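What the coordinates show
Now for the letters of each chain:
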Amino acid sequence: MFYLEVNSVVELSLLYDFYGGLMKDNKRRIFEDYVLNDYSLSEIAKEQGISRQGVHDTIKRCTKELRDYEEKLCLIEKFQKTKEMVNQIRNISKNVQESGNMVEIAKIETLSAKILEEY
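Residues numbered from 1 in each chain as written. Predicted model: local features only at pLDDT ≥ 70, side-chain atom pairs only at ≥ 80, totals over all residues. Heavy atoms only, no water.

Structural notes on the overall build of the chain
Scanning the chain from terminus to terminus reveals six helices and zero strands. For 119 residues, the compact-globule estimate of 2.2 N^0.38 gives 14 Å, and the chain exceeds it by more than 25% at 21 Å. Looking at the chain as a whole, 30% of its 119 residues are labelled buried. Across the chain, contacts joining residues at least 24 apart in sequence account for 55% of those joining residues at least 6 apart. Total accessible area on the chain is roughly 8,300 Å²; 51% of this is exposed by carbon and sulfur atoms. For the chain, the centre of its 18 positive side-chain charges and the centre of its 21 negative side-chain charges are spaced 3 Å apart. (Helix = DSSP H or I, 4+ residues; strand = E, 2+ residues; numbered from the N terminus. Rg over C-alpha atoms; globule rule 2.2 N^0.38 Å. Buried < 20%, exposed > 50% of the residue type's maximum accessible area, 1.4 Å probe, protein only. Contact = heavy atoms within 4.5 Å. Areas by Shrake-Rupley, 256 points an atom, 1.4 Å probe, with all protein chains shown as cover. Lys, Arg positive; Asp, Glu negative; His and termini not counted. Charge placed at Lys NZ, Arg CZ, Asp CG, Glu CD.)

Right, here's the structure in full:
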């Protein structure tokens, strides 16, 4: 039986958010129905007028395609690194506000420069 684990659904949803627009319309509809809308292979097959195996194969190809995009472009990895640095900036900023310690400002400037430099 072909099914997705929760971690896989989260991963595929994130990949789809970043790269789904690069997929052909028909593949995108099938992938959305299975991963995002939680339709069964049979439901999608009936709606698309293809076999369950055809749906299964399309989902497998889409998954590989999305993972290949991330492997080559690394947009999700960059996004997650940026998000982590922004959270560090927020925490340092909060500490500065609470303590009045202006030395922490240098850390904010360093992280900010790194974000702008790398991304």
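Some thoughts on the side chain of Glu65
Within the secondary structure layout, Glu65 lies in helix α4 (residues 52–73). Leave out the neighbours within four places in its chain, and Glu65 touches Leu22, Met23 and Lys27.

Quick word on the environment of Lys107
Its location among the elements puts Lys107 in helix α6 (residues 104–118). When its relative accessible area of 44% is taken as the criterion, Lys107 is described as partly exposed. Distance in space between the C-alpha atoms of Lys107 and Thr58 is 47 Å, their sequence separation being 49 residues.

A closer look at the packing of helix α2 (residues 25–36) against α4
Their axes nearest at 9 Å, the elements α2 and α4 cross at an angle of 95°. Taken together, the axis directions place α2 and α4 in an arrangement best described as roughly perpendicular. Every residue of α4 that contacts α2 at Lys27, Ile30, Phe31 and Tyr34 is listed here: Val55, Thr58, Ile59, Cys62, Thr63, Glu65 and Leu66. Counted by class, the contact of α2 with α4 contains seven nonpolar, two polar and two charged residues. (Axes fitted to C-alpha atoms, helices over the stretch in contact; angles between N-to-C directions. Parallel < 35°, antiparallel > 145°, perpendicular 65-115°, else oblique. Nonpolar A, V, L, I, M, F, W, Y, C, P; charged D, E, K, R; others polar.)

So, the packing of aromatic side chains
One pair of aromatic rings is described through two measures. These are the centre distance and the angle between the planes. All told, the structure shown has four aromatic pairs when counted by the stated rule. Three or more aromatic residues joined by ring pairs make a cluster, and in this case those are Phe18, Tyr19, Tyr69 and Phe79. (Phe/Tyr/Trp six-rings, centres within 6.5 Å; stacked < 30°, edge-to-face > 60°.)

A few points about a nonpolar patch on the surface
A cluster of nonpolar side chains, Leu22, Leu73 and Leu75, forms an exposed patch at the surface whose accessible area comes to about 250 Å². Inspection of the secondary structure puts Leu73 in helix α4. Owing to a relative accessible area of 40%, Leu73 belongs among the partly exposed residues under this scheme. (Patch = residues over 30% accessible without salt bridge, like charges linked within 9 Å, V, L, I, M, F, W, Y side chains within 5 Å. Salt bridge = Lys/Arg side-chain N within 4 Å of Asp/Glu carboxyl O.)

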